[in-house]
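# Structural overview
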Amino acid sequence: MKCLIYFMVLFLISEVGSFDLVIDGIPDEVENLIDIEIDGFPSSSRTRNGRYQRSTSDWGYVGDLVEDDDKIGLYSYKVQSTITSRLANTMIQAKMVNNAKRSQHIVFDVQVPKGAFIDNFTMDVNGITFTSSIREKSEARRMYSQAKAKGKAAGIVRSNALDMENFKTEVNVPPGTRIQFELHYQEMIRRKLSSYEHVISVKPGRLAKHMEVDVRIIEPQGIRYVHVPNSLGDHFNGITTISKGEKKAHISFKPTMAQQRKCPTCSSTAVDGNFVVQYDVNRESTGGELEIFNGYFIHFFAPENLDPLPKNILFVIDVSGSMWGLKMKQTIEAMKAILSELRAADQFSLIDFNHNVRCWRDNLVSATPAQVEDAKKYIQTIHPNGGTNINEALLRATFILNEAQNLGMLDPNSVSMIVLVSDGDPTVGELKLTTIQKNVKQSIKDEYSLFCLGIGFDVDYDFLQRIATDNRGMAQRIFGNQETSAQMKRFYNQVSTPLLKKIQFNYPQESVSDVTQSSFHNYFGGSEIVVAGKVDTANLQHLESVVTATAANAELVMETLRDVEELDGFMKKDKYADPEFTKKLWAYLTVNQMLAERNTAPTAALKRNITKSILQMSLDHHIVTPFTSMLIENPEKDEIMLADQPKDPRRGCCSGTLGLTPNAPDNNKGIPPWANVTAVPVSFMPEQRSPPVSAVSINRVDNDPHFIIYLPKSQRNICFNINSDPGHILNLVSDPSTGVVVNGQLIGAKKEENKKLNTYFGKFGFYFKNKGLKVEIDTETITLKDGSYSIMLTWSDTGHIIRKQLLISVKKESNVTIRVGEEMSFMVLLHRVWKNHPVNVDFLGIYIPPENQFSPEARGLIGQFTSEPEVYIHNQRPGQTPEKPQATMEVKGNKLTVTRGLQKDYRTNRVFGTDVKCWFVHNSGKGFIDGHYKDYLVPHLYSFLKEP
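Basis of the calculations
- Residues numbered from 1 in each chain as written.
- Predicted model: local features only at pLDDT ≥ 70, side-chain atom pairs only at ≥ 80, totals over all residues.
- Heavy atoms only, no water.
- Helix = DSSP H or I, 4+ residues; strand = E, 2+ residues; numbered from the N terminus.
- Expected span 1.5 Å × (residues − 1).
- Buried < 20%, exposed > 50% of the residue type's maximum accessible area, 1.4 Å probe, protein only.
- Contact = heavy atoms within 4.5 Å.
- Salt bridge = Lys/Arg side-chain N within 4 Å of Asp/Glu carboxyl O.
- Pairing = 2+ DSSP bridges.
- Axes fitted to C-alpha atoms, helices over the stretch in contact; angles between N-to-C directions.
- Parallel < 35°, antiparallel > 145°, perpendicular 65-115°, else oblique.
- Left-handed = near helix turned anticlockwise from the far one by under 90°.
- Nonpolar A, V, L, I, M, F, W, Y, C, P; charged D, E, K, R; others polar.
- pLDDT = per-residue confidence, 0-100.
- Phe/Tyr/Trp six-rings, centres within 6.5 Å; stacked < 30°, edge-to-face > 60°.
- Core = buried A, V, L, I, M, F, W, Y, C linked by side-chain atoms within 4.5 Å.

## Notes on helix 3 (residues 326–340)
Spanning 15 residues, helix 3 covers 22 Å between terminal C-alpha atoms, matching the ideal 21 Å at 1.5 Å per step. Looking only at helix 3, the buried set comprises Lys327, Met328, Gln330, Thr331, Ile332, Ala334, Met335, Ile338 and Leu339. Summarising the contacts, the buried residues of helix 3 are in contact with strand 17 (311–318), strand 18 (347–353), helix 4 (369–380), strand 21 (415–422), strand 22 (449–455) and helix 8 (484–495).

What follows is the structure in structure tokens.
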């Protein structure tokens with residue numbers, strides 16, 4: 001019997017519609033190879049050297065398969081995906097059989113998310129397994145050419161691309177042949193709009209006897225929620241099952257053959273679309289989560305509860321003739337919605353262009369309701385016509401921003417950006433794309449971000465990605481259809497809420513190496529920044545990170561500390577978790593970063609060096625990149641197929657990377673010396689993170705609540721308790737001259753003990769009137785307020801907030817220190833109790849050094865002792881118990897009976913405290929404090945005491 005051909009075509013197609021996959025050295029006639037027979041698999045009735053035999057694998061009974069007219073049956077179609085800390089490893093497997101009486105093509109056609117790396121492919125034909133290897137592209141092509149010359153190789157044809165990457169295998173097999181395809185790829189799941197979205201293309205093409213999509217999620221941070229939208233249609237309602245634990249989740253989709261049918265009598269499948277899993281993780285620390293395993297670390301950073309930074313935004317809209325019709329209508333609809341979402345603190349303007357450039361306003365204007373409505377009316381009057389002058393339009397936008405910057409019209413903490421919407425190449429003015437890219441780069445000067453929306457397939461998306469990546473932005477293709485408006489709004493929402501700028505990640509240089517991009521221009525709400533690197537776990541017990549950033553109303557310094565072995569036990573116990581997830585994530589980030597750097601490399605020599613590095617990474621980690629190819633070979637290695645990854649610079653940088661921030665000198669104080677801080681003014685950073693700890697020389701209020709007043713002149717501690725009701729607010733310091741107020745609000749225990757309800761401080765308010773700043777600290781959060789802006793840390797964080805020379809330092813689950821220049825400082829201590837305790841509650845203590853520079857006019861339960869009273873203690877005598885002698889204290893014209901006793905200082909030992917000897921004043925300090933304690937009750941957390 002004449003040897004029959006198997007023919008394999010592997011497509012890895014980029015998202016650009018007009019892209020052709022062309023392999024150098026392969027003649028154009030290769031397109032015709034699909035109709036040519038070459039040596040390949042013999043028929044099922046013949047063996048050669050005993051190699052070709054019917055598979056004895058685990059297929060089992062293959063009867064009852066539903067076949068189309070081509071008599072090809074799909075025995076099983078299985079998708080298995082495991083996500084370990086955002087790294088998704090996905091396997092797609094199809095088992096098929098040719099039940100026809102003739103040889104014919106069997107096709108394995110799947111879609112892979114753009115940005116994913118294919119790392120393995122195998123094919124089993126009647127028990128003969130073809131396996132893959134990754135080779136340098138030229139070497140792979142040489143081996144392919146040699147095999148092709150012997151008639152032992154498959155060809156590669158040109159093909160158009162869609163929005164995802166296709167992997168297509170086509171094999172011509174004899175009758176009765178069983179064939180199994182298995183493709184593996186890996187990707188990092190990026191967070192967008194406060195959710196991770198894992199998209200799996202499920203398009204089996206025919207009914208499968210066994211159909212399954214199985215997704216497992218393992219997140220050491222803890223899983224907040226899991227949601228599977230009905231993306232495959234109402235036909236499959238109720239079939240997906242979700243089981244969720246604290247850190248793991250399992251999603252299963254297993255429709256029976258009857259459930260797969262489009263209709264009860266149909267032989268075609270309704271499974272044709274994307275299976276989508278959405279989830280998010282728990283976040284306890286504003287400074288991010290460090291995950292360390294097998295010599296690598298991953299730092300996930302996605303802070304929440306921050307006020308948005310004001311933005312200055314220029315919308316640059318293509319209104320050339322090609323935008324006529326549906327595209328323009330959808331763009332107008334989207335722009336009207338986007339304009340409505342501008343915040344009062346934002347500034348904006350509109351530019352529309354064809355062969356000419358027009359400005360709605362020649363300068364930025366505030367996003368007032370009147371201005372927004374006027375802009376909407378302007379958008380509504382646009383009528384597309386003429387050519388496309390992209391160069392002049394972008395330069396006009398940068399001119400407006402530069403002029404506003406020079407005139408001092410931009411808030412120093414604001415974020416400036418340009419959003420370009422276009423559907424075509426330049427046809428008027430400057431036409432050379434490299435020149436346009438250079439002009440825009442020189443005009444922006446790394447000051448602003450450029451985001452590009454390419455509508456349809458006529459636009460040069462490659463160019464839009466390059467120019468956006470080159471200017472700290474990103475690009476996205478928008479399909480010119482009924483969904484254009486929704487796609488535009490979704491993209492805008494990803495960049496509409498800048499929360500931080502100038503973000504810098506710092507790690508100890510002696511312990512880490514090969515760190516991926518660690519400086520970022522912006523952080524947008526709902527997204528996530530990911531940094532990875534290698535760490536010397538053999539000589540390190542803990543890894544510390546310091547993240548600095550500029551927020552809406554403060555400079556932030558956020559610290560995170562993790563045990564390098566913290567994940568070991570968890571990872572080893574879970575059989576589904578990928579033990580190499582940290583290594584793979586580091587490689588994924590590194591390769592994408594190098595691809596982006598290569599696209600913008602200024603010299604050919606630098607580009608060559610980057611190419612070599614990408615190639616080595618690809619070979620080391622067994623992934624297909626633009627500079628490698630995948631060879632698929634039989635066991636004897638005499639039959640070869642070739643799969644090339646398109647050399648596609650249109651990828652730009654890894655999704656979510658918005659540019660680099662230059663490094664600044666390492667001259668900061670108060671954080672580790674290896675932390676290269678760029679975002680924090682260093683002129684007033686303190687030498688110490690907290691006030692000096694002394695067992696006696698400090699004023700403090702702790703426990704239920706015990707006041708200890710230290711009198712420096714007489715070197716005595718005087719104590720008293722305040723017995724008031726829950727909810728009452730007591731003034732501790734009220735100093736109108738310095739504008740400082742410190743108040744504390746009482747909370748009660750869960751129930752009475754010995755017919756008494758103990759009270760504690762559950763909240764403190766600090767008001768620095770001269771700075772316009774307020775700080776609120778309770779047992780859950782620490783909040784800094786500046787007018788309408790606020791920024792919050794939790795007790796799960798370790799970090800700093802800096803605003804107007806006020807420094808707030810948070811030590812995780814321990815204490816908060818507030819420093820005002822060199823004049824004064826305060827420490828608030830957190831006391832945690834067992835949450836199920838029948839009586840006790842979490843509470844706070846406060847410690848105020850007597851050196852604080854309050855004015856002589858200071859009042860309050862603590863502030864009044866800025867001017868130390870004369871205290872004379874005499875006539876010491878035995879008390880009711882030997883360890884508690886009594887004495888007479890003369891103070892402020894009063895004679896008081898006081899008791900010698902012990903109170904606690906919890907700064908150095910928060911569990912047991914340190915004993916502090918003091919003289920205790922009874923009756924809520926009566927006679928020692930001015931007036932009655934009720935005189936110190938205030939109506940609000942930031943109220944000054946009324947003048948007497």
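Now that the structure is up, let's keep going.
## Description of the pattern of salt bridges
Scanning the model with the defined rule gives 30 salt bridges in all. For Glu528, the salt bridge identified is with Arg86, shortest N-O distance 2.9 Å. On the criterion of sequence distance, the pair formed by Glu528 in the loop between strand 26 (519–524) and strand 27 (529–535) and Arg86 in the loop between strand 1 (72–84) and strand 2 (87–98) is long-range, its members being 442 residues apart. Judged by relative accessible area, Glu528 falls into the buried class, the value being 6%. Its salt-bridge partner being Lys584, residue Asp578 comes within 2.9 Å of it at the nearest N-O pair.

## As for the pairing of strand 36 (residues 740–748)
Of all 9 residues making up strand 36, 7 are buried, and the element is well covered by its neighbours. For strand 35 (residues 729–735) and strand 36, the ladder comprises 6 bridges, and the chain directions are antiparallel. The residue bridging Ile729 from the neighbouring strand is Gln745, located in strand 36. Between strand 35 and strand 36, which pair antiparallel and follow one another directly, the connecting turn spans 4 residues, one of which, Gly739, has a positive phi of 75°. Pairing geometry for strand 36 and strand 37 (residues 759–768), over 9 bridges, is antiparallel.

## Side note on the sheet that holds strand 11 (residues 223–227)
The pairing of strands in a sheet comes from backbone hydrogen bonds and takes either a parallel or an antiparallel form. The sheet built from 4 strands is open, its strands ordered 8-9-14-11 with antiparallel pairing. For this open sheet the edge positions go to strand 8 (191–192) and strand 11, each flanked by a neighbour on one side alone. Direction of pairing for strand 11 relative to strand 14 (residues 273–281): antiparallel, over a ladder of 4 bridges. Among the inter-strand pairings, Ile223 is bridged to a residue of strand 14, identified as Val281.

## Quick look at unusual backbone geometry
At Lys445, a position not held by glycine, the phi torsion is positive, near 55°. Within the secondary structure, Lys445 sits in the loop between helix 6 (433–444) and strand 22. Phi is positive for Gln805, which is not a glycine, with a value near 60°. Of note, Gln805 is situated in the loop between strand 41 (798–803) and strand 42 (806–811).

## Digging into the sheet that holds strand 16 (residues 296–301)
If you walk across this open sheet you meet the 4 strands as 15-16-27-25, and the pairing is antiparallel. Only two strands of the sheet have a single partner each, and these edge strands are strand 15 (289–293) and strand 25 (512–513). For strand 15 and strand 16, the ladder comprises 5 bridges, and the chain directions are antiparallel. By the bridge assignment for strand 16, Leu290 is matched with His299. On top of the sheet, helix 10 (residues 581–599) reaches strand 15, strand 16 and strand 27; it is set at about 70° to strand 16, its chief contact.

## Some words on the packing of helix 6 against helix 7 (residues 461–469)
Two numbers describe how helix 6 lies on helix 7: the axes approach to 10 Å, and their chain directions differ by 20°. In terms of axis orientation, helix 6 runs roughly parallel to helix 7. Crossing angle aside, the handedness with which helix 6 passes helix 7 is right-handed. Across the interface between the two elements, Leu433, Ile436, Gln437 and Val440 of helix 6 pack against Phe463, Arg466 and Ile467 of helix 7. In terms of residue class, the contact of helix 6 with helix 7 is built from 5 nonpolar, 1 polar and 1 charged.

## Quick word on the confidence of the model for the chain
Fine structural detail should not be taken from predicted coordinates in areas where pLDDT scores are low. Across the chain, the average pLDDT comes to 83, with 84% of residues at 70 or higher. Note on residues 646–671: pLDDT under 50 across the span, and 92 contacts to partners over four residues away in sequence or across chains.

## Topic: the packing of aromatic side chains
Evaluation of the coordinates by the stated rule reveals 28 aromatic pairs. Between Phe826 and Phe854, the aromatic rings sit 6.3 Å apart at their centres with planes inclined by 40°, giving tilted as the arrangement. With Phe826 in strand 44 (residues 824–831) and Phe854 in the loop between strand 45 (843–848) and strand 46 (871–877), the pair connects residues that are 28 residues apart, well separated along the chain. The buried category is assigned to Phe854, whose relative accessible area is 11%.

## Concerning helix 6
Along an α-helix, residues three or four positions apart point the same way, because every turn accommodates 3.6 residues. Taking 1.5 Å of rise per residue, the 12 residues of helix 6 would be expected to cover 16 Å, and the 16 Å separating its terminal C-alpha atoms lies within 8% of that figure. Once helix 6 ends, the next one or two residues include Lys445, with phi positive near 55°.

## Overview of the packing of helix 5 (residues 390–406) against helix 6
Packing of helix 5 against helix 6 brings their axes to within 9 Å, and their N-to-C directions diverge by 5°. With respect to helix 6, the axis of helix 5 lies roughly parallel. Of the residues in helix 6, those touching helix 5 at Asn391, Leu394, Leu395, Thr398 and Asn402 are Ile436, Asn439, Val440, Ser443 and Ile444.

## Comments concerning the nonpolar core
By size, the foremost hydrophobic cluster in this structure holds 90 residues, and its most contacted members are Phe766 and Phe928. Ranked by the residues each element gives to this core, the list is headed by strand 37, at 5 residues. Apart from the residues within four sequence positions on either side, Phe766 is in contact with Val741, Val742, Leu773, Lys774, Val775, Ile777, Ile818, Phe826, Val828, Ile846 and Tyr942. In terms of nonpolar packing, the next biggest core, distinct from the first, is built from 56 residues, Val112, Ile118, Val277 and Ile632 among them.

## Quick notes on the environment of Glu304
As for its position among the elements, Glu304 is in the loop between strand 16 and strand 17. In this structure Glu304 comes out as partly exposed when scored by relative accessible area, which is 33%. With 221 residues separating them in the primary sequence, Glu304 and Gly525 have C-alpha atoms 7.2 Å apart. Excluding its chain neighbours within four sequence positions, the residues that come into contact with Glu304 are Arg191, Arg224 and Arg283.

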